[in-house]
Amino acid sequence: MGVKFKDIIEPEIINFKDLNGRTIAIDAANSLYQFLSSIRQADGTPLMDKNGNITSHLSGILYRTSNIVEKGIKPIYVFDGEPSEYKENTINERREIRQDAEKKWKEALKKGDEQTAMKFAKRSSRMSPYILESAKELLEIMGIPYVQSFGEGEAQASYMVLNGDAWAVASQDYDCLLFGAKKIIRNLTISGNLSDLEYLELENVLNRLEITREQLVDIAIMVGTDFNPGIKGIGAKTGLKIVKNSSIEKYIKEKGIAFDLNLEELKNIFLNPNINKNYSIKWRSVDKTKIVDFLCKKHDFSEERVLSAVKKMEKLNTTQKSLEDWFGK
DNA sequence: CTCTTGCA
DNA sequence: TGCAAGAGT
């Protein structure tokens, strides 16, 4: 879900033109989840091939990636590694929500209530090894690089921006701000107006709020993250006041709040994440034979549609990385 | 989510 | 050209 910062964040709006020539590190888990939950038939059934394998995520990767490449963007997908033990509660909670949603989806199907069925089908989406492996296989065939994180993908993607390998991170979650991503893009989609991409610069966010990244992390911990439940009754605005007028440590002590988790370890999840520094990034041209084999022959995609996406991919500049990512804006 | 089609 | 509706697998 990510940290709830909406009330204190004011995103800028940018255009696809502003991203021409830029390398963008895409949070793979975030994109895949979007595809799995939204690419469905009216009754909530995901797209599937003849053998019953889910293909919604492959459809999403193909069309979105080819579209952004056509717009001059050089994408890198960043996959999650092992979750922190602090995330266990969140993971269990999500599994329960999924299982409950699946039940309600089937019930609604029996009643013939498509709207309700769709609502719960979306919530039942789950990331399986098959989903991850087939997504990576497709990216390889498309010539799009991906990076395997040790831990959180958003932490890895944020580091890659810091390291000059990408210009910005694309994710729907604000967590990348906590991980230190200098630039973040939300809504990196082609649908809707072509000009309503949300854009955030960490430096601007911090300047406007008049706080440091460490303080932003403290607000997140009070509000609640994937790694801790937060303090009851504190939202982004109250959290902001606390870090400015006091501190998380003082606040806990003064109010006698039982905070069971190790605060330093929690902060370090964001401030000192485990990063895979041994990655290489290379764009190649899409393999036309392999993509037809994989998507059309194996997964029943229409050849006409696949080839028109392949055509869009041909705009990809396959040289290492653009200087704009270092010196741009 | 994205693509295609059809119609204003 | 823009929007709504339906299909994609």
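Residues numbered from 1 in each chain as written. Chains lettered and ligands numbered in written order. Predicted model: local features only at pLDDT ≥ 70, side-chain atom pairs only at ≥ 80, totals over all residues.

So what about the overall build of chain A? Which residues, and what values?
Helix and strand counts for chain A come out as 15 helices and seven strands. Relative to the 2.2 N^0.38 estimate, which gives 20 Å for 329 residues, the radius of gyration of chain A is 21 Å and therefore close to what a compact globule would have. In terms of overall dimensions, chain A has a C-alpha envelope of 65 × 55 × 35 Å along the principal axes. Restricting to contacts in chain A with at least 6 residues of sequence separation, those with at least 24 account for 70%. (Helix = DSSP H or I, 4+ residues; strand = E, 2+ residues; numbered from the N terminus. Rg over C-alpha atoms; globule rule 2.2 N^0.38 Å. Contact = placed C-beta atoms within 7 Å.)

Requested: an account of the protein's contact with DNA strand B, with residues and values cited.
Around DNA strand B sit 13 residues in total, of which S38, Y63, R64, T189 and S191 are the nearest. Among the elements that take part in the surface near DNA strand B, helix α2 (residues 56-70) stands out by supplying four residues, more than any other. Split into classes, the residues belonging to the surface near DNA strand B amount to four nonpolar, seven polar and two charged. (Near = placed C-beta within 6 Å. Nonpolar A, V, L, I, M, F, W, Y, C, P; charged D, E, K, R; others polar.)

An account of the protein's contact with DNA strand C is requested, with residue identities and associated values reported.
For DNA strand C, the full set of nearby residues is I39, Q41, L47, M48, D49, T55, S59, H299, D300, F301, S302 and R305. Grouping the amino acids of the surface near DNA strand C by side-chain chemistry returns four nonpolar, five polar and three charged.

Could you give me a rundown of helix α12 (residues 263-271), with the residues and numbers involved?
All of the buried residues along α12 are L266, I269 and F270. Along the axis of α12, the buried residues cluster in a sector spanning 90°; they form a single face. Tucked into the core, α12 has its buried residues touching α7 (175-178) and α9 (213-223). (Buried ≥ 20, exposed ≤ 12 C-beta atoms within 10 Å, placed from the backbone. Arc of directions from axis to C-beta.)

Account for the sheet that holds strand β1 (residues 12-14), naming residues and giving values.
Spatial strand order, β1-β7-β6-β5-β2-β3-β4: seven strands in an open sheet with mixed pairing. Sheet topology places β1 and β4 (146-148) at the edges, where each strand pairs with a single neighbour. Geometrically, the sheet is characterised by an average inter-axis angle of 30° between neighbouring strands, direction not taken into account. Sheet topology places strand β6 (residues 183-186) next to strand β7 (residues 197-201); four bridges connect them, and they run antiparallel. Within β7, the position partnered with K183 by the bridge is E201. Across the face of the sheet, helix α6 (residues 153-162) comes into contact with β2 (23-27), β3 (74-79), β4, β5 (168-170) and β6 while running at roughly 170° to β2. (Pairing = 2+ DSSP bridges. Axes fitted to C-alpha atoms, helices over the stretch in contact; angles between N-to-C directions.)

Describe the domain arrangement of chain A, listing the residues and the values that go with them.
Once the domains are mapped, chain A shows domain 1 (1-209) and domain 2 (211-272). One C-alpha centre belongs to domain 1, the other to domain 2; they are set 26 Å apart. Facing the 16 residues of domain 1 at the interface are 18 residues of domain 2. Where the side of domain 1 that touches domain 2 is concerned, the elements lending two or more residues are α7 and α8 (202-209). (Domains from an automatic or database assignment.)

Outline the pairing of β7, supporting the account with residue identities and numerical values.
Judged from the three bridges that link them, β1 and β7 form a sheet pairing that is antiparallel. In the sheet register, I13 faces β7, and the bridge partner there is E198.

Quick rundown of the nonpolar core? Include the residues and the values.
Counting residues in each nonpolar core, the largest one holds 79 residues, and the members touching the most others are I24, A25, V169 and L177. With seven residues, the top contributor of residues to this core is α9. Counting contributing residues, this core receives three or more from each of domain 1 (1-209) and domain 2 (211-272). Dropping the residues within four chain positions of it, L177 is found in contact with I184, L200, L202, V205 and L216. Counting five residues, the second largest nonpolar core, distinct from the first, contains W105, A108, A117 and F120. (Core = buried A, V, L, I, M, F, W, Y, C linked by C-beta atoms within 7 Å.)

Please set out the packing of helix α5 (residues 129-142) against helix α13 (residues 288-298) residue by residue, giving values where relevant.
Here α5 crosses α13 at 155°, and the two axes come no closer than 9 Å. In terms of axis orientation, α5 runs roughly antiparallel to α13. Crossing of α5 over α13 shows left-handed handedness. Contact residues: α5 offers E137, L138, I141 and M142, while α13 offers K290, I291 and F294. Looking at the contact of α5 with α13 residue by residue, the classes come out as five nonpolar, no polar and two charged. (Parallel < 35°, antiparallel > 145°, perpendicular 65-115°, else oblique. Left-handed = near helix turned anticlockwise from the far one by under 90°.)

So what's going on with the environment of G112? Which residues, and what values?
Within the element layout of this structure, G112 appears in the loop between α3 (88-111) and α4 (114-123). Of the residues examined, G112 has 9 C-beta atoms within 10 Å and is grouped as exposed. Between the alpha carbons of G112 and S134 there is a distance of 32 Å; along the sequence they are 22 residues apart.

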